[in-house]
Structure formats: structure tokens, C-alpha cells
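# Examining the three-dimensional arrangement
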Amino acid sequence: MKKIYFLAIMAVTVLLASCGHGGQGELVGSYNRKFKNQRIPLGMVYIPPGHTPMGGSDEDITFSQSGPSRMTTISAFFMDQTEISNAEYRQFTKWVRDSIAIVMMGNPQQFMMTPKGAAANAVGGEKYIDWRKVGNGSAIWSGKGKGANAANASQLDNMYYSGLDALPGRKEIDVRKLEYSYGILNLDKAALGHKDPNSKRQDYIDRYTIAVYPDTMVWKTDYSYSQNDPMVRGYFNHPSYDDYPVVGVSWEQTEAFSHWRTQLYQGVASARKMPLNARMDYDLPSETQFEYAARGGNTKTKYPWGGPYIRNTKGCLQANFKPGRGDYSSDGGIYTVGVRSYFPNDYGLYNMSGNVAEWTKTAYNKSASPLLHDLNPNFTYVAGKNDSKYLKRKVVKGGSWKDTGYFLQNAVSTYEYQDQQRSYIGFRCVSAYPGTDLRN
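For the structure given in this document, a descriptive report is provided here. Within each chain, residue numbers correspond to sequence positions counted from 1 in written order. Restriction of local features to residues with pLDDT of at least 70 applies here, the model being predicted, together with a cutoff of 80 or more for giving and counting side-chain atom pairs; totals for whole chains, interfaces and linings are based on all residues. To obtain the side-chain values, all non-hydrogen atoms of the structure were used and water was disregarded.

### Describing the overall build of the protein
- In this description a helix means any DSSP run of H or I spanning at least four residues, a strand means any run of E spanning at least two, and both kinds are numbered starting from the N terminus. Tallying secondary structure elements over the protein gives 11 helices and 13 strands in all.
- Exposure classes here rest on a 1.4 Å probe applied to the protein chains alone. A residue is buried below 20% of its type maximum, exposed above 50%, and partly exposed in between. Across the 440 residues that make up the protein, the buried fraction comes to 40%.
- If you take every contact in the protein between residues at least 6 apart in sequence, the share linking residues at least 24 apart comes to 71%. In what follows, residue pairs with any heavy atoms lying within 4.5 Å of each other are defined as contacts.

### Some points on the packing of aromatic side chains
- Each Phe, Tyr or Trp ring, with Trp reduced to its six-membered ring, pairs with another whose centre is within 6.5 Å; inter-plane angles below 30 degrees give stacked pairs, above 60 give edge-to-face pairs, and intermediate values give tilted ones. For the coordinates displayed, the defined rule picks out 32 aromatic pairs.
- With a centroid separation of 6.1 Å and an interplanar angle of 65°, the aromatic rings of Trp95 and Tyr180 are classed as edge-to-face. Taken together, the positions of Trp95 in helix H2 (residues 86-104) and Tyr180 in strand E7 (residues 179-185) put the pair 85 residues apart, joining distant regions of the chain. Considered together, Trp95 and Tyr180 belong to a single accessibility category, that of buried residues.
- A network of ring pairs unites the aromatic residues Tyr89, Phe92, Trp95, Tyr180, Tyr182, Tyr208, Tyr213, Phe236, Phe257, Trp260 and Phe427 as a single cluster.
- Ring-over charges, as used throughout, are those where CZ of Arg or NZ of Lys falls within 6 Å of the ring centre and within 35 degrees of the ring normal. Here the basic side chain of Lys171 rests over the ring of Tyr160, its NZ or CZ set 4.6 Å away from the ring centre.
- Sitting over the ring of Tyr415, Arg393 keeps its end group 4.9 Å from the ring centre.

### Quick notes on the nonpolar core
- Residues belong to a common nonpolar core when they are buried Ala, Val, Leu, Ile, Met, Phe, Trp, Tyr or Cys residues joined through side-chain atoms within 4.5 Å. Core analysis: the largest hydrophobic core is formed by 39 residues, its most contacted members being Tyr89, Phe92, Tyr180, Trp219, Phe257 and Phe427.
- At the level of elements, H2, E7, helix H8 (218-221), helix H9 (229-234), helix H10 (251-271) and strand E9 (357-363) are the ones that each hand at least two residues to this core.
- Among the elements that make up this core, the one with the highest residue count is H2 (five residues).
- Excluding its chain neighbours within four sequence positions, the residues that come into contact with Phe427 are Glu83, Ile84, Tyr89, Val246, Val249, Thr254, Phe257, Leu284, Glu358 and Trp359.
- Counting 14 residues, the second-largest nonpolar core is a separate cluster that includes Met54, Ile74, Ala294 and Val430.

### Quick notes on the environment of Ala319
- With respect to the helices, strands and loops of the structure, Ala319 is situated in the loop between helix H11 (287-294) and E9.
- Sequence-distant contacts of Ala319, that is, excluding residues within four places in its chain, are made with Trp305, Asp331, Tyr342, Ser353 and Leu408.

### Some thoughts on H11
- Where burial is concerned, most of H11 is hidden: seven out of the eight residues are buried.
- Within H11, the full set of buried residues consists of Thr288, Gln289, Phe290, Glu291, Tyr292, Ala293 and Ala294.
- Directly after H11, the chain includes Gly296, whose backbone phi takes a positive value near 65°.

Here it is, written out as C-alpha cells:
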């Protein structure tokens, strides 16, 4: 009887070995779930890999010597076709507002979801907010929908201006309370200390709590004796400016936005049961990525549109900037203009010069240039609150609506401090392409 069992087991083993994917004990690999790797994310364009001379292509009139020409190779990535608009950034602020409100309301069950199976056991069966049910918070703030009643609404009173801070007859959200908390693994720190046997993963996790609402007062504080009150009141929230670039956001706020955007995408990916390797990570572009994308695949071009001149053959200005002394209107815009204004460059990117200057991931340090690698070069440093202001400088690219033509050049960089907000600085995001080239 035992002999029969032994022969049966051997037969099954041989059958599995011959029919399965293991071959005859050969190495065949353990592959992750396949997915289509040729989808371009919504609102982004594909920037192919390549090499090109980067750096100055014209006279260095400021004698900064910060952009020497050098051959550089760049990996493929996706980039937002336009600057982040007021409407897009407002989605972020409303998400933060709603998340705070749900917590204050005692986590009403209609907005919650519970992880199932092994995932629930791994996290102790905790419940999480189902943001697909939250939407833009209209059910919470209008008092409509399941579970939204007067008792719950009264719990949100602390989110409004009160006492002498409130204007008579008006109930307004105290935007100072709209804070986003998150943590990221600092790979620069991890690279330096991960082999230390006494180190812990928590040593490399940076945690932040960032007030996310734009500083609308920049339209007053950036200028002396200038009548910009209508811009203070209306620029971020008036529907006429929905598709204009968001301004008044610091580098720290753009980092928070990028983290939130990543989490937002991953939340939907999880709901759709997409594999982990199919999810997008969003970030600010490096200085090199921005310049490479701005050139549109052309070599040593002065401006994103390819030519050496600020006007086209019809004499029309090709970007939103300050073309003359006291002249802000000849280019078609007095302040900012819509994010899809003017012609895109050869990669399909709008306003890589002019309209608003843009934050990059790169820390500003003129002495770092000779140390940079010729493959995806970047110099990063995230300054703490107590660091010197010189360590808080971040590279800003592209020039803005209030800048002269010199700052619109592809190779020109300036800087701003990471905790400062300006009426002429916005941003856009990038995401690394997970492969060599989408076209192959």
C-alpha cells in the first residue's frame, strides 16, 4: 500500500515538473504582474531620453557663471503639459479641508472603508477614509447626504474664523487650519547611512506638516504702491482664473502637493487592483529636467520655441513677460494668462518660459556645478527651519510675466527661498518613466 502511495506522489511530481513553468528544475524567474507601460498620464506629455549640451547658449550678462555648457544624458520622464492651475491646486486644498472635517465629525461611517483580508490584519483592522465617496465635500458642507446633519455640522465650527477674526455676517473657513501632514523616505540620508548597523529606517523618514492654502496676499506684499487688491480677492477662487497658473505657493507647498498627488493616484490604483509597479510617483522636475524639456528636443536653443528671437515672423511676442520698460500688456497679458496660452514647444509643453517662473527640485548652489554627474545631474538639499537662509535657496526656471526677456532663456536660472511665496512663481510636476523608452 505504501508503495502505491509513493508511486502516486512521484507521478504527480513528474507531471507538475513537465507541465508547469518550472521546467526541469531550470531557472525561469519570478515575474511581477504585467501591465501596459505605454499609457501617458492625463495632462502630461512624454519626454524621451537623450543627450544634449546643457547650459549657457548666450552671453552671461549677470556674470553668474552658474550654467557652463556640458554634455548631459537624461532619462525618459513624463511632464505636466501646463503649469498647475488654480483649479487643480484647489482640488488639493478642498481635499485637505474635507479630510480635516471628516476627522472633526467623528469619522462618519458613510465616508469610511475597511481593508479586507490580510491587508486588514496587517494594519490591525484600521478604517480609512474612502475619498471616492468624499468627492469635493459638497455633502459635508451643504448638510446633505447620508449622516450629514445639524449635529455633525456643528462640529465644524472650529474650522471657521471666529470672534474678532470673523467679518460680520460672513462664515469663512480659516485657511490657516488647512494643514497637510505626510512623511517621505529621504533617499539621500538613506544612501549615506543605510549600512550603519545601528541605523533604523525611521532615521531616514522626514515628516512634515504644511499649511497648504496659497498666500493670496502676495499680490500686495510683492509690490509697493500698486493697486492689486482685485487680484488678492479673486485670483485663486474666481472662476475666471480657474485655468490660470496657481501662484503664492512655496517650494514646501509644492512638495506637499506632489506627495498628495501621488497618494491620490495610488488610492485609485489600489481600488482598481492595479499592480504596485504600475503606480505613478509625482515630484518637481530637477533643474536639468526642466531645461531639457524646455529645449523641446532641439540643441543649444535660446528659447523654448526654438529660435533666437522673442518674436515670431509675424512680429508677435511668443511668451508672457515684460517686453519693455513699464510695458506689461504688449504680449497679450498684464498679469498671468491661461496655462494653455501661446504655442507649445516641440514636446507639446506650454509656457516653459514666461507666464510664471517655476520651482524645481534642485537646490541653488553655484559651486555645485563642477561636481555634478553627466547622467541625470541634480543637487538636492532640504533645509530645516533653523538652517541658514542660504541653504534654503531653490532653483527657479523659466522667467515670469514680470521679468525681462533675458530670464526667459532655457539656460538661465534664478533662485528663491523654499519657504517663500511669490505672485510670479508657480510649478508643474514630473514622473519618471519606468523603462528605457516608451517608443520601443
